[in-house]
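For reference, the chains in residue letters:
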There are 2 protein chains.
Amino acid sequence: MKKIVITAGGTSEPIDTVRFITNSSTGRLGYEICAALLKQKATEIEKIYYLCPLRAVRPPESPLVEVVTSGGTANLLETVKRLLTEDRIDIFIHSMAVSDYTVDYVSSASLLSLEISEKLKESEPCEDTCTLIEETIRNNKAVLTGNKISSDEKDLIIKLKPTPKVISAIKLLSPGTFLVGFKLLSGVTEEELRRVGMNLLQKNRCDLVVANDLANISGERHKALLLRPDGSFLRAGTKAEIANLIVSEAFGKD
Amino acid sequence: MKKIVITAGGTSEPIDTVRFITNSSTGRLGYEICAALLKQKATEIEKIYYLCPLRAVRPPESPLVEVVTSGGTANLLETVKRLLTEDRIDIFIHSMAVSDYTVDYVSSASLLSLEISEKLKESEPCEDTCTLIEETIRNNKAVLTGNKISSDEKDLIIKLKPTPKVISAIKLLSPGTFLVGFKLLSGVTEEELRRVGMNLLQKNRCDLVVANDLANISGERHKALLLRPDGSFLRAGTKAEIANLIVSEAFGKD
């Protein structure tokens, strides 16, 4: 009896209490994968943990499915670590579009320029100006705060920093888990898509990577390559086909 | 017979083809207003244009309602201008959470610092350093481009610029329209809420402004002040109450 994690939908990174950065993921692919698992393998499944943001499409109702909602990337990482350490997870299907960046600070052109010119004044004449400016931008403390940033600023500067990679944690915490990764690019060649997808696979020791291009996704049409560790791959043309191929790859390996 | 425009939900401002900035508006208040109008005034309504983003809650089904989907703020402004010039609009209920800012450019700390240090090198020694840096940040041309910005940057700088104010255009194009504006703040006093709301009312010649605070919105509870041009105001405690008060204020004035 298998225990499975599916992550689905897109994360949200707050700018303030009202505004946030998110992505175009709806969670429909995660839904299809969950539906395919329930339809084809219900007798072999003990539990599916379905991790998704509040607003994503919910999975099909089933006593086998437990929905766990998550907000930003930090919150998601905590949940993933907890599940992988407290429970035995056989299959991890990581279809959530996790934000690569989170908000470090919000400032304005005037605040930031003041900070940079102050740091330049304080510096020794021989110091490397460019490096000093770069460090000032990185560590800038002249920021806008408050629950909701005013709509009256002439301009805003949002500094983003990378989020911790959720996918890197999975095999480290649970080497025996069958891991399915996802890579979405936009407007690239198939060769480039395979190269970047295989890179993700090798870096995170995935057992399967679904590589897709935004230009090939619209309505029911969803072209994807399913890359295997040995370099071979399968082709899918719809979300249902992607879901079915994931199920047969994940269960066929036993 | 009245022609009405309702705007609802939140706008999305793209960062690239995958990522965007949006806000927490769901469009539920716009739905309630539309439902209240259809329930109480259907015999006096010729048409309701319902402007909302693709993902917002849709209004109740009715032959009187025409849904017009819109994406970013620029797109919304075009639609609003078209409706107000090509048709006679009696009531305009502008409940959409329109982004105050749109993405000007995306850069990185290293690209931006290089640009600033280059400009400083080129400048005369007597020039005001701070102003020069501020102008460089505003007009920076060292930007990241491409369909989807790489997830491998060490950090990203997003520069935002103000969007054109949709609400300002309404009375300019159609002075006879009954205009309902909305102001959402977060964690302020009632006095501050009234002050900022009245400011919005006077600046845009609104006939009514719904002023609300994020701290007083959760589930069914939705506290709001409905401000009138003479400085008097009404109180509401739920979305349904807000909707009913808007209907009676907008229709009572005839």
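Residues numbered from 1 in each chain as written. Chains lettered and ligands numbered in written order. Predicted model: local features only at pLDDT ≥ 70, side-chain atom pairs only at ≥ 80, totals over all residues. Heavy atoms only, no water.

### Let's talk about the interface of chain B and chain A
For step 1, the next point in the chain: Contact residues are listed per partner, giving 48 residues for chain B and 48 residues for chain A.
For step 2, the next point in the chain: Note on chain B versus chain A: buried area summed over both sides is about 4,200 Å², and carbon and sulfur give 59% of it.
For step 3, the next point in the chain: If you look at where chain B meets chain A, you find 4 salt bridges.
For step 4, the next point in the chain: Note that Asp155(A) and Arg138(B) form a salt bridge whose closest N and O atoms lie 2.2 Å from each other.
For step 5, the next point in the chain: The interface formed by chain B and chain A holds 17 residue pairs in polar contact (both at pLDDT 80 or more) in total.
For step 6, the next point in the chain: For the side of chain B that touches chain A, the secondary structure elements donating two or more residues are β3 (19-23), α3 (109-122), α4 (129-139), β8 (156-162) and β9 (178-185) of chain B.
For step 7, the next point in the chain: For the side of chain B that touches chain A, the element with the most residues is α3(B), which contributes 8 residues.
For step 8, the next point in the chain: Strand direction decides the pairing type here: strand β3 (residues 19-23) of chain A and β3(B), joined by 5 bridges, are antiparallel. Counterpart to Ile21(A) in the pairing with β3(B) is Ile21(B). (Contact = heavy atoms within 4.5 Å. Buried area = accessible area lost by both parts, 1.4 Å probe. Salt bridge = Lys/Arg side-chain N within 4 Å of Asp/Glu carboxyl O. Polar contact = N/O pair within 3.5 Å; in protein donor to acceptor, adjacent residues only side chain to side chain. Helix = DSSP H or I, 4+ residues; strand = E, 2+ residues; numbered from the N terminus. Pairing = 2+ DSSP bridges.)

### Here we look at the relation of the copies chain B and chain A
In summary, the two copies of the chain are related to each other by a rotation about an axis coupled with a shift along it.
For step 1, the next point in the chain: Note on the copies: chain B fits chain A at an RMSD of 0.1 Å, the axial shift is 0.0 Å, and the rotation between them is 179°. When the rotation and shift are considered jointly, the pair of chain copies conforms to a two-fold rotation axis.
For step 2, the next point in the chain: Both copies contact each other with a shared surface, as 100% of the interface residues of chain B are interface residues in chain A too. (Least-squares fit on C-alpha atoms with pLDDT ≥ 70 in both.)

### Notes on the pattern of salt bridges
For step 1, the next point in the chain: For the structure shown, the criterion picks out 30 salt bridges over all chains.
For step 2, the next point in the chain: For the salt bridge of Glu118(A) with Lys121(A), the shortest nitrogen-to-oxygen distance reads 3.9 Å. With Glu118(A) and Lys121(A) both in helix α3 (residues 109-122), this residue pair falls 3 residues apart, about one helical turn.
For step 3, the next point in the chain: Its relative accessible area of 65% is what places Lys121(A) among the exposed residues.
For step 4, the next point in the chain: A single network of salt bridges, built from pairs that share partners, joins Asp16(A), Arg19(A), Asp100(B) and Lys165(B). (Buried < 20%, exposed > 50% of the residue type's maximum accessible area, 1.4 Å probe, protein only.)

### Quick notes on the domain arrangement of chain A
Residue and element names in this part refer to chain A.
For step 1, the next point in the chain: Domain parsing of chain A yields domain 1 (2-100 + 164-252) and domain 2 (103-161).
For step 2, the next point in the chain: A separation of 37 Å is found between the C-alpha centroids of domain 1 and domain 2.
For step 3, the next point in the chain: Between domain 1 and domain 2, the residue contacts involve 9 residues of the former and 9 residues of the latter.
For step 4, the next point in the chain: Here domain 1 and domain 2 share an interface that buries about 680 Å² over both sides, 63% of which is from carbon and sulfur atoms.
For step 5, the next point in the chain: Linking domain 1 with domain 2 are 0 salt bridges.
For step 6, the next point in the chain: The interface formed by domain 1 and domain 2 contains 2 residue pairs in polar contact (both at pLDDT 80 or more).
For step 7, the next point in the chain: Secondary-structure elements contributing two or more residues to the side of domain 1 that touches domain 2 are β2 (13-14) and β3.
For step 8, the next point in the chain: For the side of domain 1 that touches domain 2, the per-class residue count stands at 4 nonpolar, 1 polar and 4 charged. (Domains from an automatic or database assignment. Nonpolar A, V, L, I, M, F, W, Y, C, P; charged D, E, K, R; others polar.)

### Structural notes on the sheet that holds strand β7 (residues 101-107) of chain A
For step 1, the next point in the chain: Across the sheet, 4 strands lie side by side as β7(A)-β8(A)-β8(B)-β7(B); this open sheet has antiparallel pairing. Here the strands that pair on one side only, and so sit at the sheet edges, are β7 of chain A together with β7 (101-107) of chain B. If you compare each strand with its neighbour and ignore which way they point, the axes differ by 30° on average.
For step 2, the next point in the chain: Taken together, the 6 bridges between β7(A) and strand β8 (residues 156-162) of chain A define a ladder with antiparallel strand orientation. Pairing of Tyr101(A) across the sheet is with Pro162(A), part of β8(A). (Axes fitted to C-alpha atoms, helices over the stretch in contact; angles between N-to-C directions.)

### Some thoughts on a negative patch on the surface
Residue and element names in this part refer to chain A.
For step 1, the next point in the chain: Residues Glu124, Glu127, Asp128 and Glu135 make up a contiguous surface patch of negative charge.
For step 2, the next point in the chain: Along the chain, Asp128 turns up in the loop between α3 and α4 (129-139).
For step 3, the next point in the chain: Residue classification places Asp128 among the partly exposed residues on the basis of a relative accessible area of 47%. (Patch = residues over 30% accessible without salt bridge, like charges linked within 9 Å, V, L, I, M, F, W, Y side chains within 5 Å. Areas by Shrake-Rupley, 256 points an atom, 1.4 Å probe, with all protein chains shown as cover. Lys, Arg positive; Asp, Glu negative; His and termini not counted. Charge placed at Lys NZ, Arg CZ, Asp CG, Glu CD.)

### Looking at the nonpolar core
Side chains of nonpolar character tend, in soluble globular proteins, to be buried together.
For step 1, the next point in the chain: Membership of the largest hydrophobic core comes to 32 residues, with the highest contact counts inside it found for Ile4(B), Ile6(B), Ile33(B), Leu37(B), Ile48(B), Ile93(B) and Ile246(B).
For step 2, the next point in the chain: Put simply, the parts of the chain that give this core at least two residues each are β1 (2-7), α1 (28-41), β4 (45-52), β6 (91-94), β9, β10 (208-218), β11 (221-227) and α7 (239-252) of chain B.
For step 3, the next point in the chain: Listed in part, the 31 residues of the second largest apolar core include Leu29(A), Leu37(A), Val210(A) and Leu226(A). (Core = buried A, V, L, I, M, F, W, Y, C linked by side-chain atoms within 4.5 Å.)

### Quick word on the environment of Glu134(A)
For step 1, the next point in the chain: Secondary-structure assignment places Glu134(A) in helix α4.
For step 2, the next point in the chain: Residue Glu134(A) is classed as buried on the basis of its relative accessible area, which comes to 16%.
For step 3, the next point in the chain: Once residues lying within four places of it in the same chain are set aside, the contact partners of Glu134(A) are Ala109(B), Ser110(B) and Ser113(B).

### Remarks on the state of the cysteines
For step 1, the next point in the chain: Inspection of the entire model under this criterion finds 0 disulfides over all chains.
For step 2, the next point in the chain: Between Cys34(A), a free cysteine, and Cys52(A), which holds the nearest cysteine sulfur, the sulfur-to-sulfur gap is 9.9 Å. (Disulfide = S-S within 2.5 Å.)

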